[in-house]
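One letter stands for each residue in the lines below.
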Amino acid sequence: MKSDKEIVYGPVASWRLGRSLGVDIICGEKQCTFDCTYCQLGDAGETTTERRLFVETEKVVEAVKEALNSGVEADVITLSGSGEPTLATNLGEIIEELKNLSSLPVAVLTSGSLMSRQEVREALKKADIVKAKLDAPDKGIFKRLNRPQKELELEVIISAMRKFAAESDVFFALEIMFTPENMDKARRLAELAETIGPDEIQINTPHRGSSVSPLTATELDLVSIPFEQKKLVYRAVNREQRPEVKDLLGRSKLKKLKRGEE
């Protein structure tokens, strides 16, 4: 298991979230529901869907508190790191404690693979920003590209994302990682993304040490066309459109106003 100091890393300059203070609530060997071919952490070995406690909430909060007290400047606290954060049974508790600790918004980067579980959706609703992934429009590409744990089904995951987008007030982004494997499926992925209804779609391609070749800027422009044609709100990594986090949270507030909650 990692030391307390390794729970927190960065801040990292993120094209998705600005200055992101990373928090690893898995801390150890890679633990994930997927074993994506492009993952910068390498092979997961054996994937899992078993949720458990990895790092005590108190240790996470103390590590973040120490980092913030040291004077780091960040726009957001991001739960990510060495695995799938929704595998941590104390995810919701950690989010609540971090929001009590600091005024910084809390983001969770997840595969979305466990969103079909109500307790996972409830935990994610406590965050300010949630980013899930959708790389495959069909079972074949799902198995080849994401290499999911055997009990996971693409249709169930997509349905759960629709439910989360409809019932939550967090800023919900859907990231699509384009590789040579799925780049010719951009139109179908745009159609699926539209049915899910995220606040934003993030078009990405592997980098940071991935063994999978990234798409060129020209190829990224081409896969972006179906999203433009559908007039979907999206950003692409090759265009470096870094957001103001306050603008993202402003969109979440609009959702609440529409529902008469504020």
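Small disclaimer: the values here were computed from a predicted structure and weren't measured.

A. Local environment of the overall build of the protein chain. Assigned secondary structure in the protein chain consists of 8 helices and 8 strands. Accessible surface, the protein chain as shown: approximately 12000 Å² in total, 46% of it carbon and sulfur.

B. Structural context of the packing of helix H6 (residues 186–196) against helix H7 (residues 217–229). Look at H6 against H7: their axes get within 8 Å of each other, and the N-to-C directions meet at 35 degrees. In terms of crossing hand, the pair formed by H6 and H7 is right-handed. Contacts from Ala186, Arg187, Leu189, Ala190 and Ala193 of H6 reach H7 at Val223, Pro226, Phe227 and Gln229. For the contact of H6 with H7, a count of residues per class yields 7 nonpolar, 1 polar and 1 charged.

C. A look at the packing of helix H5 (residues 154–167) against H6. Relative to each other, H5 and H6 sit at 40 degrees, their axes nearing to 8 Å. Judged by the angle between their axes, H5 and H6 are oblique. In contact with Ile158, Met161, Arg162 and Ala165 of H5, H6 contributes Leu192, Thr195 and Ile196. Tallied by class, residues from the contact of H5 with H6 come to 5 nonpolar, 1 polar and 1 charged.

D. Quick peek at the nonpolar core. Ranked by size, the top nonpolar core spans 75 residues in total, and within it Leu79, Met115, Phe172, Phe178, Ile203 and Phe227 carry the most contacts. Every residue in contact with isoleucine 203, bar those within four places of it in the chain, is listed here: Trp15, Ile176, Phe178, Leu220, Val223, Ser224, Phe227, Tyr234, Arg235, Ala236 and Val237. Ala107, Leu109, Ile129 and Ala173 belong to the second-largest nonpolar core, a separate cluster that totals 7 residues.

E. A look at H7. Compared with an ideal rise of 1.5 Å per residue, which puts 13 residues at 18 Å, H7 spans 19 Å between its outermost C-alpha atoms and is within 8% of the ideal. When the local axis directions of H7 are compared, the greatest deviation, roughly 30 degrees, occurs at valine 223, which is followed within four positions by the proline proline 226. Along H7, the residues that are buried comprise Leu220, Val223, Ser224, Pro226 and Phe227. Of the residues trailing H7, lysine 231 is marked for its positive phi of about 60 degrees.

F. Structural context of unusual backbone geometry. Of note, the bond from glycine 10 into proline 11 is cis; its omega dihedral lies within 30 degrees of zero at 10 degrees. Within the fold, proline 11 resides in strand S1 (residues 8–14). Unusually for a residue other than glycine, arginine 147 sits at a positive phi of about 45 degrees. The residue arginine 147 is located in the loop between helix H4 (139–146) and H5 in this model. Despite not being glycine, lysine 231 shows a phi value in the positive range, around 60 degrees.

G. Geometry of the packing of aromatic side chains. If you walk through the whole model with that rule in mind, you get 4 aromatic pairs. On the basis of an interplanar angle of 80 degrees and a centroid distance of 5.2 Å, the ring pair of phenylalanine 164 and phenylalanine 172 is categorised as edge-to-face. There is no split in this pair, since phenylalanine 164 and phenylalanine 172 are both buried. Where phenylalanine 178 meets phenylalanine 227, the ring centres are 6.5 Å apart and the plane angle is 80 degrees; that geometry is what we call edge-to-face. Here phenylalanine 178, found in the loop between strand S6 (171–177) and H6, pairs with phenylalanine 227, found in helix H7; they are 49 residues apart in sequence, far enough to count as distant. When sorted by exposure, phenylalanine 178 lands in the same class as phenylalanine 227, which is buried. Put simply, the rings of Phe178, Phe227 and Tyr234 touch in pairs and so form one group of aromatic residues.

The rules behind the values
Residues numbered from 1 in each chain as written. Predicted model: local features only at pLDDT ≥ 70, side-chain atom pairs only at ≥ 80, totals over all residues. Heavy atoms only, no water. Helix = DSSP H or I, 4+ residues; strand = E, 2+ residues; numbered from the N terminus. Areas by Shrake-Rupley, 256 points an atom, 1.4 Å probe, with all protein chains shown as cover. Axes fitted to C-alpha atoms, helices over the stretch in contact; angles between N-to-C directions. Left-handed = near helix turned anticlockwise from the far one by under 90°. Contact = heavy atoms within 4.5 Å. Nonpolar A, V, L, I, M, F, W, Y, C, P; charged D, E, K, R; others polar. Parallel < 35°, antiparallel > 145°, perpendicular 65-115°, else oblique. Core = buried A, V, L, I, M, F, W, Y, C linked by side-chain atoms within 4.5 Å. Buried < 20%, exposed > 50% of the residue type's maximum accessible area, 1.4 Å probe, protein only. Expected span 1.5 Å × (residues − 1). Bend = angle between axes of the 7 residues up to and from the residue. Phe/Tyr/Trp six-rings, centres within 6.5 Å; stacked < 30°, edge-to-face > 60°.

None of this, on its own, says anything about what the molecule does.
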